[in-house]
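Read off the chains here:
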Amino acid sequence: MEAKEIVERLIARDGEVTQKFFFEDCRPLFKSIINNVFSYEVDYDEFVSELYIYLLEDDARRLRQYEGRSSLFQWLKIVAIRFFIAKRGRMIENRSSEPQYRKPTADEICDEESRNDAAMDLERAFSLMPNKRSVYALRRLVLQDADPADVAKELGVTVGNLYNIKKRAITELTDIVLKEAKKVDDDEEE
């Protein structure tokens, strides 16, 4: 497939081409950029997600700028390096090889009462989140394991934007849970 056709398919959000291009064809290039631009470990999927969103902003304005005067990889290398140098202080660091989220197995959940307590705690944390759209995204993606394309369509956003919503929502939820835990600890000390 020629570079212009790849760009057209990326703009059209062709999932198969996007997956192959970013996660197979560009992997060595992107790994090199990650190693040279960042002084800490960056999650590859997060890197690709951020770059893909950037390329598709404003009706894929940046992708449409590719004119074929250089190879697509050379052009993408320059675009990515410039973008990530400006962004390098704001990428998520992932020092562990463990996934950032893992569903517990049935054995890890003690009993029905523990599940109910956890569900009530989660609902309380959700109720403290001001952005109900973020809550909806978390419910659908994490709790209901819904297809991201379906959830993006339900919310009227792109899949890339949905991943940003999810990332912000998880950060917000984490902050709320930590604040609530601190309140409980402070109350117990009194």
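First, a word on scope: everything that follows refers to the structure included in this document. (Residues numbered from 1 in each chain as written. Predicted model: local features only at pLDDT ≥ 70, side-chain atom pairs only at ≥ 80, totals over all residues. Heavy atoms only, no water.)

The tally for this structure, following the rule as stated, stands at 11 aromatic pairs. Centre to centre, the rings of Phe22 and Tyr52 are 5.5 Å apart; their planes meet at 75°, and the pair counts as edge-to-face. You can see Phe22 sitting in helix α2 (residues 15-25) and its partner Tyr52 sitting in helix α4 (residues 44-64), a full 30 residues away along the chain. Residue classification places Phe22 among the buried residues on the basis of a relative accessible area of 1%. Taken together, the ring pairs in this structure connect Phe21, Phe22, Phe23, Phe30, Tyr44, Phe47, Tyr52, Tyr54, Phe73, Phe83 and Phe84 into an aromatic cluster. Across from the ring centre of Tyr44, 4.1 Å away, lies the NZ or CZ of Arg27, which sits over that ring. The positively charged end of Arg62 is found above the aromatic ring belonging to Tyr54, 3.8 Å away from the centroid. (Phe/Tyr/Trp six-rings, centres within 6.5 Å; stacked < 30°, edge-to-face > 60°. Helix = DSSP H or I, 4+ residues; strand = E, 2+ residues; numbered from the N terminus. Buried < 20%, exposed > 50% of the residue type's maximum accessible area, 1.4 Å probe, protein only. Lys NZ or Arg CZ within 6 Å of the ring centre and 35° of its normal.)

Right, let's talk about helix α3 (residues 27-37) for a bit. When α3 is considered as a whole, its buried residues turn out to be Leu29, Phe30, Ile33, Ile34 and Val37. In a view along the axis of α3, the buried residues occupy a sector of 135°, so they form one face of it. Exposed side chains of α3 directed beyond 90 degrees from the buried face belong to Pro28, Asn35 and Asn36. Where the residues of α3 are buried, they touch α2, α4 and α5 (72-87). (Arc of directions from axis to C-beta. Contact = heavy atoms within 4.5 Å.)

This part is about the nonpolar core. Ranked by internal contacts, the top residues of the largest apolar core, which has 33 residues, are Phe22, Phe30, Phe47, Leu51, Leu63 and Leu76. The set of elements that each furnish at least two residues to this core consists of α1 (3-11), α2, α3, α4 and α5. Looking at which element gives the most residues to this core, the answer is α4, with 10 residues. Every residue in contact with Phe22, bar those within four places of it in the chain, is listed here: Leu10, Arg27, Phe30, Tyr44, Val48, Tyr52, Leu55 and Leu76. Leu138, Leu162, Ile165 and Ile176 belong to the second largest nonpolar core, which has 18 residues in total. (Core = buried A, V, L, I, M, F, W, Y, C linked by side-chain atoms within 4.5 Å.)

Here the focus is the packing of helix α7 (residues 132-143) against helix α8 (residues 148-155). Following both chains from N to C, one finds α7 and α8 inclined at 155°, their axes separated by 10 Å at the closest point. Of the possible angle classes, the one that applies to α7 and α8 is roughly antiparallel. The handedness of the crossing between α7 and α8 comes out as right-handed. Along its contact with α7, which presents Arg133, Tyr136, Ala137, Arg140 and Leu141, the element α8 presents Pro148, Val151, Glu154 and Leu155. Partitioned by chemical class, the residues of the contact of α7 with α8 number 6 nonpolar, no polar and 3 charged. (Axes fitted to C-alpha atoms, helices over the stretch in contact; angles between N-to-C directions. Parallel < 35°, antiparallel > 145°, perpendicular 65-115°, else oblique. Left-handed = near helix turned anticlockwise from the far one by under 90°. Nonpolar A, V, L, I, M, F, W, Y, C, P; charged D, E, K, R; others polar.)

Glancing now at the environment of Ile176. Here Ile176 lies in helix α9 (residues 159-189). On the basis of relative accessibility, which here comes to 13%, the residue Ile176 falls in the buried class. Distance from Ile176 to Leu128, taken between C-alpha atoms, is 7.3 Å for residues 48 residues apart in sequence. The contacts of Ile176, once residues within four sequence positions are left out, are Ala125, Leu128 and Met129.

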